[in-house]
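In case you want the letters, here they are:
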Amino acid sequence: MPDRAGPPAVGHKVAILGMVGVPANYGGFETLAENLVAFHEQTQSPHDLTVYCSGKAFEEHPERHGRARLRYVGLDANGVQSIPYDLVCLLDAARRGHDRMLLLGVSGAPVLPLLRLVSRARIITNVDGIEWKREKWGRFARAYLRFAEWMAVRASHVVIADNAAIADYLDSTYGCRAQVIAYGGDHALEADPDQAAAKSLPDSFALGLCRIEPENNVAMILEAFDGAARKLVFVGNWDKSAYGRALKEKYRGHPTIVIHDPVYDPAALKALRQRASLYVHGHAAGGTNPSLVEMMHFGIPVAAHGCSFNRHTTRGEALYFESAAQLRDILDSLSEEHGRAVGENMREIACRDYTWRHIGQAYFALFAG
């Protein structure tokens with residue numbers, strides 16, 4: 001009988017650029033890259049994969065991670081050096097003959113027209129959130145990021161939005177039909193929980209978990225829990241800014257609010273998440289937030305800020321607030337039965353839409369195109 005398997009899959013030289021690098025120990029883009037490397041290995045993908053990393057972020061510089069080749073650039077991937085960092089990575093990838101480039105973020109996008117003059121690579125750009133609208137940026141940074149966003153849309157072959165609301169914005173603003181690919185969150189379930197990390201915490205509590213920034217509505221959440229019967233454990237980098245330090249001082253010693261230092265260890269983080277009876281998510285900018293899709297896998301109810309990004313991520317099935325008073329109403333009225341139903345809906349959505357296998361398939365389909 002003739003062999004009907006067909007010709008072998010054709011591999012491309014794929015470069016992932018625009019973030020700190022792997023192994024992931026920083027943020028959402030790094031976790032994305034880490035899981036794309038894992039998918040590449042698990043599926044024995046025929047692509048030749050390279051990940052560009054900041055040499056300043058890692059003490060050791062191994063040549064490979066999984067089956068992916070690692071290349072290091074001696075600049076910081078974030079802050080003012082992010083622009084030359086992306087420039088060097090993109091031009092080096094072109095020089096080495098990569099024909100698929102995944103650019104994570106837009107800070108390096110102004111070099112893309114030049115890149116297209118010297119390379120025939122297919123450029124795929126994940127634009128992240130609407131970065132230029134974030135409160136933390138000054139006037140010059142906002143102007144640059146808005147220009148970079150425009151350039152990314154105009155000069156990329158494929159644009160990725162991590163949230164349907166971001167895709168709607170790109171369509172209405174630039175006439176760009178972006179592909180929507182979110183993030184996985186099931187990696188948050190993998191670690192064995194370190195119960196010692198939660199030993200000193202209440203038996204049941206609501207959990208807040210984020211960078212302590214105004215756009216994450218931290219003050220609003222704390223105000224809602226001040227005087228509420230339900231206890232709150234809020235984990236974040238309180239000492240990083242004057243905003244965080246002021247809130248930490250204001251609620252220091254509070255009888256029902258625990259101001260908790262940041263937790264990065266996956267085992268400790270899993271112990272906190274398992275103990276929580278409610279997750280409170282105040283992010284109001286940035287598209288699909290990785291911490292939200294991670295928490296959805298734990299099957300507990302989610303109270304999220306009612307911005308369009310969060311409503312799209314949770315498919316309209318979470319509890320929503322846009323003020324301290326609205327969040328307080330949720331805390332006072334949420335029954336155990338209703339909370340359980342919301343939590344099960346969150347888990348079902350996460351298992352359907354936010355697994356790394358699902359996300360990996362979507363990205364590698366673009367690499368193959």
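One structure accompanies this document, and this report is about it. What you are looking at is a predicted structure, and each value in this text was computed from that prediction instead of being measured. (Residues numbered from 1 in each chain as written. Predicted model: local features only at pLDDT ≥ 70, side-chain atom pairs only at ≥ 80, totals over all residues. Heavy atoms only, no water.)

## Here we look at the pattern of salt bridges
- Across all of its chains, the model carries 17 salt bridges by this definition.
- The salt bridge involving D92 is made with R96; its shortest N-O contact spans 2.9 Å.
- Here R347 and E344 are joined by a salt bridge, their closest N and O atoms 3.4 Å apart. One end of the pair, R347, and the other, E344, are both in helix 12 (residues 336-353), three residues apart, so they sit about a helical turn from each other.
- Beyond isolated ion pairs, a larger network of salt bridges with shared partners links R71, D92, R95 and R96. (Salt bridge = Lys/Arg side-chain N within 4 Å of Asp/Glu carboxyl O. Helix = DSSP H or I, 4+ residues; strand = E, 2+ residues; numbered from the N terminus.)

## Remarks on the pairing of strand 6 (residues 122-126)
- Burial analysis of strand 6 places four of its five residues in the buried class, the great majority of the element.
- As judged from the five bridges shared by strand 5 (residues 100-104) and strand 6, these two strands associate in the parallel manner. Among the inter-strand pairings, R100 is bridged to a residue of strand 6, identified as R122.
- Once the chain exits strand 5 it traverses helix 3 (residues 112-118) before rejoining the sheet at strand 6, and the crossover so formed is right-handed.
- Relative to strand 7 (residues 158-161), strand 6 runs parallel, the two sharing three bridges. Bridging across to strand 7, T125 finds its partner in V159.
- The parallel pair strand 6 and strand 7 is bridged by helix 4 (residues 139-155), and the resulting crossover is right-handed. (Buried < 20%, exposed > 50% of the residue type's maximum accessible area, 1.4 Å probe, protein only. Pairing = 2+ DSSP bridges. Right-handed = clockwise from strand over helix to strand, strands pointing away.)

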